[in-house]
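Each chain, letter by letter, is given below.
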Amino acid sequence: MDEVKQLVADIKNRNLKPIYFLMGEEPYYIDKISDYLEANVLTEEERGFNQMVLYGRDVTVEDVIGHAKRYPMMAEYQVIILKEAQDLSRTIEKLSAYALNPQPTTILVVNYKYKKIDKRKALYKAIKKIGVVYESKKLYENQVADWIRRTLSPKGYTIAPKAAQMLVEFLGNDLSKITNELDKIQIILPKGNQITPEIIEENIGISKDYNNFELRKAIGERNTLKAHQIIKYFAENPKDNPMVVTVSLLFSFFSQLLHFHGLKDKSPRSVASALKVNPYFVNDYINAARNFPMRKVSGIVATLREFDLKSKGVGASGVPQGDLLKELLIRIL
């Protein structure tokens, strides 16, 4: 995120590079940087003659080079944006010939999503000398809640830890989807307010009481009644609560709980750091550790591996998801 801020600051200050090669598994920042260049290098009047958007499926690398070598008309620069450049992955190395001698009045922006070029080859080395190669990496799910908080803060919003966790469990680490949902909330919620679980439930449709976060908490507390109520809700709404996601999140929780049992320093700050969780959730692990000793946790982790396969149809073909979840809950509790 800091690298993105620096890139945007450089563009804003007109410290422009002839080539921006934006690559990697996370498309969110690739789009953000590309959109910023598209909107801010040229004035509205200059864009008509000097800004062009190309798509990898429609052009060759030679076409891109041909456009890039042209001169701008009545402007300091021309901007060429190549979107979906990963469609040219077999021939993208040919761009190295241009990168060795780029047109100084052209800003070439290459969006190479979900892949990355070989850093040992000529293209990467050539662009690094004269331009920018930015690799956009996927965040781990345990990093996304903090990303949400940091993204909202400059906009004048805060978010309750549980609300952030609800978004992560519902949308995973897809930053574009999370941003879209948060944008909807910001339209109706005045600045200076906190985004709460109730607001998430009302506006995004994620139940604040019947979700994987609450299931994990109920299991950790050995609250059998509540856990069974949540499982029943999941069984009745399988499309919104796929078993494979539930098993994955429970596996992550009990794996972390196993790690917790092995910690020498169990102070809240140390636990939060070791498990890479928000300090708000540390008590969940402390309570669960009282209810599930290490030997029991080891057995549960093995059970969850078994049910992970079953959730994918291995050894349990035709068994309803609800029945599998009920059996899993009985085995855990």
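Predicted, not measured: the structure shown is a model, and the values here were computed from it.

Cut-offs applied
Residues numbered from 1 in each chain as written. Predicted model: local features only at pLDDT ≥ 70, side-chain atom pairs only at ≥ 80, totals over all residues. Heavy atoms only, no water. Helix = DSSP H or I, 4+ residues; strand = E, 2+ residues; numbered from the N terminus. Contact = heavy atoms within 4.5 Å. Areas by Shrake-Rupley, 256 points an atom, 1.4 Å probe, with all protein chains shown as cover. Core = buried A, V, L, I, M, F, W, Y, C linked by side-chain atoms within 4.5 Å. Buried < 20%, exposed > 50% of the residue type's maximum accessible area, 1.4 Å probe, protein only. Pairing = 2+ DSSP bridges. Axes fitted to C-alpha atoms, helices over the stretch in contact; angles between N-to-C directions. Right-handed = clockwise from strand over helix to strand, strands pointing away. Salt bridge = Lys/Arg side-chain N within 4 Å of Asp/Glu carboxyl O. Phe/Tyr/Trp six-rings, centres within 6.5 Å; stacked < 30°, edge-to-face > 60°. Lys NZ or Arg CZ within 6 Å of the ring centre and 35° of its normal.

Enquirer: With reference to specific residues and values, describe the overall build of the protein chain.
Expert: Along the backbone of the protein chain there are 17 helices and seven strands. Taking the principal axes of the C-alpha coordinates as reference, the protein chain spans close to 70 × 45 × 40 Å. Within the protein chain, contacts between residues separated by at least 24 positions form 76% of all contacts whose residues are at least 6 apart in sequence. Summing over all exposed atoms, the protein chain offers an accessible surface of approximately 17300 Å²; the carbon and sulfur share of this is 51%.

Enquirer: Give me the nonpolar core: which residues, what numbers.
Expert: Within soluble globular proteins, side chains that are nonpolar tend to cluster in buried spots. Core analysis: the largest hydrophobic core is formed by 44 residues, its most contacted members being Y20, I148, L167, I195 and I200. Looking at which element gives the most residues to this core, the answer is helix 8 (residues 161-171), with six residues.

Enquirer: So what's going on with the sheet that holds strand 2 (residues 51-55)? Residues and values would help.
Expert: Spatially, 2-3-4-1-5 is the arrangement adopted by the five strands of the open sheet, whose pairing is parallel. Where the open sheet ends on each side, the last strands, each with one partner, are strand 2 and strand 5 (132-135). For this sheet, the mean angle separating the axes of adjacent strands, direction not counted, is 15 degrees. Taken strand by strand, helix 1 (residues 2-12) contacts strand 1 (19-24) and strand 5, and its axis lies near 150 degrees from that of strand 5.

Enquirer: Kindly report on the environment of K69, identifying the contributing residues and their values.
Expert: Its place among the elements puts K69 in the loop between helix 4 (61-68) and strand 3 (78-83). In this structure the C-alpha to C-alpha distance between K69 and T105, which are 36 residues apart in sequence, comes to 8.7 Å. Those residues in contact with K69 that lie beyond four places of it in its chain are Y98 and Q103.

Enquirer: Explain the pairing of strand 2 to me, and be specific about the residues and the numbers.
Expert: Where strand 2 and strand 3 come together, five bridges link them in parallel fashion. When the sheet's bridge partners are listed, M52 is paired in strand 3 with I80. Between strand 2 and its parallel partner strand 3, the chain crosses via helix 4, and the hand of that crossover is right-handed.

Enquirer: Please give an account of the side chain of E181 that cites residues and values.
Expert: Looking at the element boundaries, E181 is found in helix 9 (residues 175-188). What E181 contacts, discounting residues up to four positions off in sequence, is L171 and I204.

Enquirer: Help me get a handle on the pattern of salt bridges, residues and values and all.
Expert: Enumeration according to the criterion identifies 19 salt bridges in this entry. With a shortest N-O distance of 2.7 Å, D31 and K113 are connected by a salt bridge. Of this pair, D31 sits in helix 2 (residues 27-40) while K113 sits in strand 4 (residues 106-113); the two residues are 82 residues apart in sequence, bridging distant segments of the chain. Take D31: its relative accessible area is 26%, and that puts it in the partly exposed class. The class of K113 is buried, set by a relative accessible area of 10%. Between E214 and K162 there is a salt bridge; the shortest N-O distance is 2.4 Å. Of this pair, E214 sits in helix 11 (residues 212-220) while K162 sits in helix 8, placing them 52 residues apart in sequence. Overall, E214 belongs to the buried group, its relative accessible area being 5%. With a relative accessible area of 16%, K162 lands in the buried category.

Enquirer: Report on the packing of aromatic side chains, specifying residues and quantitative values.
Expert: Taken as a whole, this structure holds nine aromatic pairs when the rule is applied. Ring centres 5.5 Å apart and planes at 85 degrees place the aromatic pair F254 and F292 in the edge-to-face group. Here F254 is found in helix 13 (residues 243-261), whereas its partner F292 is found in the loop between helix 15 (282-291) and helix 16 (294-311), with 38 residues between them in sequence. In this structure, F254 and F292 share a single accessibility class: buried. Taken together, the aromatic side chains of F253, F254, Y285 and F292 make up a single cluster linked through ring pairs. The ring of F281 carries R216 above its face, with NZ or CZ at 5.9 Å from the centroid.

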